[in-house]
Structures are given as C-alpha cells and as structure tokens.
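Coordinate inspection notes
So the chains spell out like this:
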Amino acid sequence: AALSNQQIVVGSSMGGWMMLLLAQERSCRVGGLVGIGSAPDFTVQLEKHIQSNATLATQMTENGFADIPTEYDQEGTYRIYRDLLEEAKSHLLLHNANGEQIQRNIDIAKDVPVRLIHGLQDEDIPWQSSLDLSKQLTCQDVELMLIKNGNHRLSSTQHLDRMVGVLDDILRCVHTLESS
C-alpha cells in the first residue's frame, strides 16, 4: 500500500527476512512492516539439517543442491542450492557466519511500526525466532502476536482476517505519523 512515498512491506517466512533487509537498505521508503512467520536466517538451521542427514549431505556435495522433503509442494520436495546457503551468510541478522546466534541491533528507523505474527504450532520456523527478532529491532513500535492454533502458513479465514486487522492498524499508525 502506497502512503505518500512510503510503503507498507509484508513478508511471510523467507519474505519476512527479505522485508527486514529491505527496511534496512531503503529505510526512507518504509512506512511499516508486517512479518508473518518471519524466518530471518532460516538458512542456518536448513544447512545444519542438510549436514546432519547423510542423503541430503551427499546430494549437496555431489550436485550442489539438496531436495528437502516438504508437505507444501505436490512433488514432495523443494530444492535448496549451495549458492543460496553461501549467499545467505552475508545477510544474516540473528546469527554470525558460523551459524552461532548473536545479539545484534537490527536497525530499522525508530518510528516505523512493526507487527510480527507467528503461529505457536509452526513446525517450520519456531515462534521463538519472532520473539528474538522483536527484541533486536531498534524501532520503538514493535508488537508480536502469537496465534495459539496457528501453523507456519496462517492461511485459515480466521488468520487472514486477523492479518487484515493488523494491516489496518499499521495504516492507522502510519497515517498518524504522517499527520504529526
């Protein structure tokens, strides 16, 4: 949604990570952020998973990719390339390049409202990652909403209605900031 020259940026899963990187890079254009099951640094856990599974590790070594089992694709897997894992190391927010979790300020303009929504039943990205993220954001207006019966997709009508409410809240916040 365009507000004067500012944008409300919404990101789900990996898109939540991209949303944060965008907000750091183009802070003057960002009016608000909504992260849904945000997965900053998800590649750290993914790489550990690949390395701990002999079949996936061999596939990655021999082919430069690993086919990760998933319930979200009709074919039953999604392909992760070594290049993605390597490139991701230069964009980590909550971990260092060795995959160790670190405390670091994630600089987002202080007046940008941020809403993080995460399902407590998310088996792909633990809800604690959104809690960690909320603590490390430097902006002042950060809210974390945990959905008790929500999974990673948060795609039920009830969850989608809740997200519309969150977007309405962000729009009100941005309008108030623009008016003052």
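Reference entry: report on the structure contained in this document. Bear in mind that the values here come from a model prediction, so they are computed numbers and not experimental data.

Regarding the overall build of the protein chain
- Assigned secondary structure in the protein chain consists of 6 helices and 7 strands.
- Along the protein chain, helices (α) and strands (β) appear in the sequence β-β-α-β-α-α-β-β-α-β-α-β-α when read from the amino end.
- The C-alpha atoms of the protein chain give a radius of gyration of 17 Å, which matches the 16 Å a tight globule of 180 residues would have.
- When its C-alpha atoms are laid out on the principal axes, the protein chain stretches across 60 × 35 × 25 Å.
- Counting across all 180 residues of the protein chain, residues that qualify as buried make up 41%.
- Counting only contacts in the protein chain whose residues sit at least 6 apart along the sequence, the fraction spanning at least 24 positions is 64%.

Some details on the nonpolar core
- If you look at the biggest cluster of nonpolar residues, it comprises 31 residues, and the most contacted ones within it are Leu33, Ile50, Ile108 and Leu137.
- Listing elements by their share of this core, those giving two or more residues are α1 (14-25), β3 (30-36), α2 (42-52), α3 (54-63), β4 (65-69), α4 (82-88) and β6 (114-119).
- Excluding residues within four positions of it along the chain, leucine 137 makes contact with Leu20, Ile106, Ile108, Val114, Leu116 and Val142.
- Counting residues in each nonpolar core, the second largest holds 10 residues, with Ile8, Ile147, Val166 and Ile170 among its members.

Cut-offs applied
Every chain is numbered independently, its residues counted from 1 as its sequence is written. Where totals are concerned, whole chains, interfaces and linings use all residues; where local detail is concerned, this predicted model gives features only for residues with pLDDT of at least 70, and gives and counts side-chain atom pairs only at 80 or more. Working from all heavy atoms in the structure, the side-chain values ignore hydrogens and water. Under the DSSP-based scheme used, a helix requires at least four consecutive residues in state H or I and a strand at least two consecutive residues in state E, with every element numbered from the N terminus. The quantity called the radius of gyration is restricted to C-alpha atoms. Its globule counterpart is 2.2 Å times the number of residues to the power 0.38. The buried label goes to any residue with under 20% of its type's maximum accessible area, the exposed label to any with over 50%, and the partly exposed label to all in between, with areas taken from a 1.4 Å probe on protein chains only. Whether two residues are in contact is decided by their heavy atoms: any pair within 4.5 Å suffices. What makes a nonpolar core is a set of buried Ala, Val, Leu, Ile, Met, Phe, Trp, Tyr and Cys residues whose side-chain atoms join them at distances within 4.5 Å.

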